[in-house]
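# Inside the fold
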Amino acid sequence: MHMGHGMGTPGGWRMVPMDPNMPMLPGIEGLMPVVSPFLPGAGMDPSMLPAARPSEVVAMRDGDTLDISVSMVRRTIDGHELIMYGYNGQYPGPLIQAPKDATVVVRVTNRIQMPTTIHWHGVRIDNRFDGVPGVTQEAIASGESFTYEVNVPDAGMFWYHPHVREDVQQDLGLFGNLLVTSPDPDYYGPANREEIFVLDDLLMDDQGLLPWGDEAPTHALMGRFGNVMLVNGRTGYRLSAKKGEVLRFFLTDVANTRTFNVRFGDAKVKVVASDVGRYEREQWVPSVIIAPAERYVVDVRFDEPGVVAITNSIQAVNHFRGEFYAHVDTLALITVGDEPAAPDYREAFESLRTNDEVVEDIARYRPLFDKEPDHRLETTVRVSGLPVPIVQAMEMDTLYVPPVEFNDAMPMMNWLSTAEQVTWILRDLDTGAENGDIHWKFRVGDVVKIRIFNQPKSFHPMNHPIHIHGQRFLVVSIDGVPNRDLVWKDTTIVPVGSTVDLLVEMSNPGTWMTHCHIAEHLHSGMMFDFVVEP
Ligand SMILES: [Cu+2]
């Protein structure tokens with residue numbers, strides 16, 4: 001095989017691993033991304049770095065301070081010694097716990113070369129501490145510090161991550177959860193135990209991590225899918241449970257682009273909460289579809305002894321053959337013993353609760369559900385300067401567009417497309433403005449309907465997890481079908497070809513971002529700011 005310049009040299013580009021079912025396109029062998037390769041600590045001996053430790057719980061009270069250091073760490077994944085990043089040398093970063101309505105202080109010191117920030121995802125935070133470089137603060141340069149005051153008005157599971165080159169920094173391990181506890185001891189139903197599941201994937205080959213793009217991200221078309229599945233930063237995750245035990249899982253998807261469909265074997269799964277609080281009504285679900293940056297809280301009862309595989313069970317697509325096929329990856333194994341759980345929460349688990357507080361809260365917005373949209377957005381993509389064989393293949397493949405791209409069906413083409421060639425677009429259908437040229441203005445107290453249409457006729461349509469900073473919203477309908485069980489969200493998936501209506505409560509003044517949470521789409525332009533005046 002022909003090797004281009006830089007290919008195969010240490011720290012240079014290496015071709016992405018290919019699924020044997022996916023043919024190599026003629027004409028693209030030997031091509032490399034148009035950006036330079038980046039690996040953290042290239043040329044360094046990993047043994048000089050401290051070994052990262054699993055995440056530690058940091059229980060904080062109102063006014064408490066936590067120091068977070070952002071640094072290079074040594075990790076061992078799949079038998080490879082790797083140089084990655086960590087918050088306080090941990091993977092994931094510290095699990096911060098704080099009571100609802102507290103304000104905790106987090107002093108962040110940047111000890112990596114790249115500038116960084118921390119964004120407190122989903123938290124209706126004071127705008128000054130939202131962590132968006134160039135909007136709410138200057139990025140924290142190497143060696144510098146920044147102090148965040150994090151006020152937490154909503155109970156639920158949140159998370160924190162950088163807002164600078166997420167495709168690199170978040171992928172390399174910079175993420176952690178922030179669990180905001182309710183003063184109500186009965187906030188969720190009873191469970192024997194709580195488990196945190198941070199879902200992620202990493203792209204590796206037999207030499208370790210595949211380099212990232214230096215000047216701009218690679219994988220700009222579909223995002224950087226990994227081929228190694230991680231739970232809490234680990235492969236081969238194992239747990240044990242007693243017979244009949246009810247485990248409450250807090251799921252967070254921190255992957256660059258992968259949407260997971262999480263199954264818990266044949267165990268019964270009850271979804272109780274999502275991004276910014278509980279559902280109106282608990283529901284039984286066969287599996288949990290979770291897109292990048294979303295959170296779900298599910299209760300699962302394991303009533304049969306044996307080994308249960310928690311899996312990512314997806315409908316994959318082969319664009320070239322126009323075939324969909326089932327694909328299963330094991331995320332974790334749970335060994336369920338014979339000893340019965342005590343106490344036995346079977347009865348409470350079997351009933352689905354209605355959360356009256358949530359129903360009443362949301363009822364205030366119900367008269368607005370059917371109003372005309374205040375703003376209409378369309379998602380699309382533009383490319384320029386991509387190699388001709390890629391453009392031709394992409395144009396052919398739009399025959400087989402899945403609503404959600406659960407797998408990378410074209411790893412080579414995806415890798416070769418960089419943010420210098422691909423522009424993902426949020427377009428205001430009323431003004432024609434795109435991305436940074438969109439300037440919406442609201443006032444605190446406004447309740448705004450935003451209709452988002454994912455244009456299926458674009459060059460390569462893809463699902464987008466759309467995130468709105470600093471506010472909370474309801475997904476009131478999808479394709480005109482009203483959503484019968486609501487929950488406050490900060491991120492929601494917009495499938496290809498679908499129209500999603502959001503009702504956004506503008507409760508928090510400041511300048512806030514709206515963007516796609518696929519890291520490579522964000523860095524390919526798919527973002528804009530809006531202003532909420534006091
Ligand atoms: Cu996107």
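Residues numbered from 1 in each chain as written. Predicted model: local features only at pLDDT ≥ 70, side-chain atom pairs only at ≥ 80, totals over all residues. Heavy atoms only, no water.

### Focus on the coordination of the copper ion
Note the threshold: Coordination partners: N, O, S within 2.8 Å of the metal, 3.2 Å for Na, K and Ca; water not considered, so apparent gaps in a site are possible. Labels follow the DSSP assignment, with helices taken as runs of H or I lasting at least four residues and strands as runs of E lasting at least two, numbered in each case from the N terminus. Partly exposed describes any residue whose relative accessible area lies between the buried limit of under 20% and the exposed limit of over 50%, with all areas from a 1.4 Å probe on protein chains only and scaled to the type maximum.
All of the protein donors around the copper ion are His464 (ND1), Cys516 (SG) and His521 (ND1); their distances to the metal are 2.0 to 2.1 Å. Here the donor residues of the copper ion share one chain and are spaced in sequence as H-x51-C-x4-H. Separated by 57 residues along the polypeptide, His464 in strand S31 (residues 464–468) and His521 in helix H6 (residues 519–522) bring together distant segments of the chain. Each member of the pair His464 and His521 is classed as buried.

### A short note on empty space enclosed by the protein
In plain terms, the rule: With a 1 Å grid spanning the protein atoms alone, the term cavity applies to any set of points in which a 1.4 Å probe fits but cannot get out, the term pocket to an open set with protein on both sides within 12 Å along at least five of seven lines, and the term lining residue to any residue with an atom within 4 Å of a point. Grid points are joined across faces, edges and corners, and a volume is the space filled by probe spheres set on the points. In the scheme used here, Gly and all other residues not listed as nonpolar or charged are polar, with Ala, Val, Leu, Ile, Met, Phe, Trp, Tyr, Cys and Pro taken as nonpolar and Asp, Glu, Lys and Arg as charged.
Tallied over the full model, the rule gives two cavities of 30 Å³ or more. As a volume, the second largest cavity reaches approximately 40 Å³. Every residue along the wall of the second largest cavity is listed here: Arg75, Met84, Asp171, Leu172, Gly173, Phe175, Asp200, Leu202, Leu230 and Gly233. For the lining of the second largest cavity, the per-class residue count stands at five nonpolar, two polar and three charged.

### Re the layout of surface pockets
Estimates place the volume of the largest pocket at around 620 Å³. Lining the largest pocket are 20 residues, with Tyr279, Ile289, Tyr296, Ile478 and Ile493 positioned closest to its centre. Counting residues per element, the ones that place at least two in the lining of the largest pocket are strand S22 (277–284), strand S23 (288–290), strand S32 (472–478) and strand S34 (491–494).

### Quick look at the pairing of strand S20 (residues 260–264)
Rule in force here: For two strands to pair, DSSP has to find at least two bridges joining them.
With respect to burial, S20 is a largely interior element, four of its five residues being buried. Alignment of S20 against S23, held across three bridges, turns out to be antiparallel. When the sheet's bridge partners are listed, Asn261 is paired in S23 with Ile289. Direction of pairing for S20 relative to strand S25 (residues 306–318): antiparallel, over a ladder of three bridges. When the sheet's bridge partners are listed, Phe264 is paired in S25 with Ile310.

### Structural notes on the sheet that holds S22
Condition: Lines fitted to the C-alpha atoms define the axes, with helices restricted to the stretch that makes contact. Angles between their N-to-C directions range from 0 to 180 degrees.
Read across the sheet, six strands follow the order S17-S13-S19-S24-S21-S22 without closing on themselves; strand pairing throughout is mixed. The two strands at the open ends of the sheet, each matched to only one other strand, are strand S17 (228–231) and S22. The mean inter-strand angle of the sheet, taken between neighbouring strand axes irrespective of direction, is 25°. The pairing of strand S13 (residues 193–202) with S17 spans four bridges and is antiparallel. Within the sheet, the bridge partner assigned to Asp200 lies in S17 and is Leu230.

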